[in-house]
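Now for the letters of each chain:
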Amino acid sequence: MATYSTGISVTWGGTPFTEVQELSYNYGGSRTGRAVAWSAEQGGISVTCLGSANTNISNFGTRDQLVVTGGGAGLTTYAIWESVTVSPQRNGVTQYTVSFRIVDN
């Protein structure tokens, strides 16, 4: 049975993203060694929203806790703010897409 992607909430550093439109994340990567579970590339997260909270470029390189709930996409991890894409639409709304890199807890 399908999981409906409704009620998705994303916060970073305790501040919620406003009107989340899209969310995608991948988690996992190659391990550093056979006996070590840690990986330098643990995955990434992309959040597209309509509000400008958490989208300021002054966040670049900042590490904080990212929490995703709802829509069958639960995740709590630490992430580094990597980039933002701002897409204003003529006679429409502006969308913000923020990309994060997952880092070790």
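These lines cover the structure that appears in this document, whether it is placed above or below. (Residues numbered from 1 in each chain as written. Predicted model: local features only at pLDDT ≥ 70, side-chain atom pairs only at ≥ 80, totals over all residues. Heavy atoms only, no water.)

**A word on the overall build of the protein chain**
Thought 1: From N to C terminus, the protein chain includes 0 helices and 7 strands.
Thought 2: The N-to-C order of helical and strand elements in the protein chain reads β-β-β-β-β-β-β.
Thought 3: When the 105 residues of the protein chain are sorted by exposure, 27% land in the buried category.
Thought 4: For the protein chain, the share of sequence-separated contacts (at least 6 apart) that also reach a separation of at least 24 residues comes to 59%. (Helix = DSSP H or I, 4+ residues; strand = E, 2+ residues; numbered from the N terminus. Buried < 20%, exposed > 50% of the residue type's maximum accessible area, 1.4 Å probe, protein only. Contact = heavy atoms within 4.5 Å.)

**Points about the nonpolar core**
Thought 1: The biggest cluster of nonpolar side chains holds 16 residues, and the ones touching the most others in it are F17, I45, L66 and F100.
Thought 2: Elements with a contribution of two residues or more to this core: β1 (9-12), β4 (43-49), β5 (63-69), β6 (75-88) and β7 (94-103).
Thought 3: Among the elements that make up this core, the one with the highest residue count is β7 (4 residues).
Thought 4: Filtering out sequence-adjacent residues up to four positions away, L66 remains in contact with V10, T11, W12, I45, L75, T76, T77, A79 and F100. (Core = buried A, V, L, I, M, F, W, Y, C linked by side-chain atoms within 4.5 Å.)

**What about the packing of aromatic side chains?**
Thought 1: Counted by the stated rule, this structure contains 2 aromatic pairs.
Thought 2: Judged by centre distance (5.5 Å) and plane angle (45°), the ring pair of W12 and F100 falls under tilted. One end of the pair, W12, is in strand β1; the other, F100, is in strand β7, and 88 residues separate them in sequence.
Thought 3: Here the aromatic rings of F17 and F100 are separated by 6.2 Å at their centres, their planes lie at 90°, and the arrangement is edge-to-face. One end of the pair, F17, is in the loop between β2 (15-16) and β3 (20-27); the other, F100, is in strand β7, and 83 residues separate them in sequence.
Thought 4: Residue F17 is classed as buried on the basis of its relative accessible area, which comes to 6%.
Thought 5: On the accessibility criterion, F100 (1% relative accessible area) is buried.
Thought 6: Joined through ring pairs, the aromatic side chains of W12, F17 and F100 make up one cluster.
Thought 7: The ring centre of Y78 lies 4.3 Å from the NZ or CZ of R63, which sits over that ring. (Phe/Tyr/Trp six-rings, centres within 6.5 Å; stacked < 30°, edge-to-face > 60°. Lys NZ or Arg CZ within 6 Å of the ring centre and 35° of its normal.)

**Digging into the sheet that holds β6**
Thought 1: The strand order across the open sheet formed by 7 strands is β2-β1-β5-β6-β7-β4-β3, and the pairing between neighbours is antiparallel. The two strands at the open ends of the sheet, each matched to only one other strand, are β2 and β3.
Thought 2: With 4 bridges connecting them, β1 and β5 associate as antiparallel partners. By the bridge assignment for β5, S9 is matched with T69. (Pairing = 2+ DSSP bridges.)

Keep in mind these values describe shape, not function.
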